[in-house]
Amino acid sequence: MIEGYDAELPPDPGSSWGRAVTWGAVSSLVFASLVIAAWGFVSLGLDRDVIDLPDVSVLVAPLAVAAATVVVAATVALALRRRHQGRQGALWLAAPGSILAWLAFAIVAGIVATGSRPEAGNPDALSPLPSQVAIGLSVGPFGLVIVPLAVLVVVAAVLSTSRPTRPGRGPA
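Position labels on residues start from 1 in each chain and follow its written sequence. Reporting of local features is limited, given that this is a predicted model, to residues whose pLDDT is at least 70; pairs of side-chain atoms are given and counted only at 80 or more, and all residues count toward the totals for whole chains, interfaces and linings. To obtain the side-chain values, all non-hydrogen atoms of the structure were included, while hydrogens and water were left out.

A. Seen up close, the packing of helix α1 (residues 17-46) against helix α6 (residues 146-160). The axes are straight lines fitted to the C-alpha atoms, using for helices just the contacting stretch, and the angles between their N-to-C directions are given from 0 to 180°. Every helix listed is a DSSP run of H or I at least four residues long, and every strand listed is a run of E at least two residues long, numbered separately from the N terminus. Close contact between α1 and α6 brings their axes to 10 Å; oriented N to C, the two are set at 145 degrees. Considering how the two elements wind past one another, α1 and α6 form a crossing that is right-handed. Across the interface between the two elements, W23, S27, V30, F31, L34, V35 and A38 from α1 touch I146, L149, A150, L152, V153, A157 and S160 from α6. Should the near helix be turned counterclockwise from the far one by less than a right angle, the crossing is left-handed, whereas a clockwise turn marks it as right-handed. Every residue pair with non-hydrogen atoms within 4.5 Å of one another is taken to be in contact.

Have a look at this one:
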């Protein structure tokens, strides 16, 4: 029981990394869902598969999206933590975060493509180089969807968690 009215209030739940990491995890799920939906529409609209190169593993795209998703989650967590600390520019982290997500997407696509080589007994199979897979996937219509979706998710997460400040409460 509190004895006096001068008791200190409990800390704001947003003051820890826990809230920022939770919002980052939720944002990563939203980002992955948006990427899947956008790729479905692009695939239907262009009548094209996401991975249309021969002898490339089907794991290239999902693992590349997973890498971009981790970067988006980290960007959201850092932006929320920055805003909570009262520093300006939390929304500006959306631009470099989305570029880093796109780069992570391209790099992981190239790394995973190195493991998908044709079998030694198949001389007719022309396997694309990992750099061809990474560049082709990242600058194609499927890879270019990553950047605007990452910006959208980071900005939405930062704006949806903002609270107006009250006198004596400190930064939101």
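The discussion continues.
B. Spotlight on helix α4 (residues 130-138). Relative accessibility decides the category of a residue: with a 1.4 Å probe and only protein chains considered, values under 20% of the type maximum give buried, values over 50% give exposed, and everything between is partly exposed. Residues of α4 that are buried include every one of P130, V133, A134, L137 and S138, and no others. In a view along the axis of α4, the buried residues occupy a sector of 105 degrees, so they form one face of it. Those residues of α4 that are buried are in contact with α2 (60-84), α3 (94-114) and α5 (141-144). Read the arc as the range of directions from the helix axis to the C-beta atoms.

C. Summary view of the packing of α3 against α6. Where α3 contacts α6, the axes come no closer than 8 Å and their chain directions differ by 140 degrees. Taken together, the axes of α3 and α6 lie oblique to each other. Relative to α6, α3 is oriented so that their crossing is right-handed. Contact with α3, carried on its side by A94, S98, I99, A101, W102 and F105, involves I146, V147, A150, V151, V154 and V155 of α6 and no other residues of that element. The residue makeup of the contact of α3 with α6, split by class, is eleven nonpolar, one polar and no charged. When describing relative orientation, an angle under 35 degrees is termed roughly parallel and one over 145 degrees roughly antiparallel, while 65 to 115 degrees is termed roughly perpendicular and anything else oblique. Side-chain classes are defined by residue name, with Ala, Val, Leu, Ile, Met, Phe, Trp, Tyr, Cys and Pro counting as nonpolar, Asp, Glu, Lys and Arg as charged, and the others, Gly among them, as polar.

D. Fine view of the environment of L59. The residue L59 is located in the loop between α1 and α2 in this model. Sequence separation between L59 and V112 is 53 residues; the distance between their C-alpha atoms is 7.5 Å.

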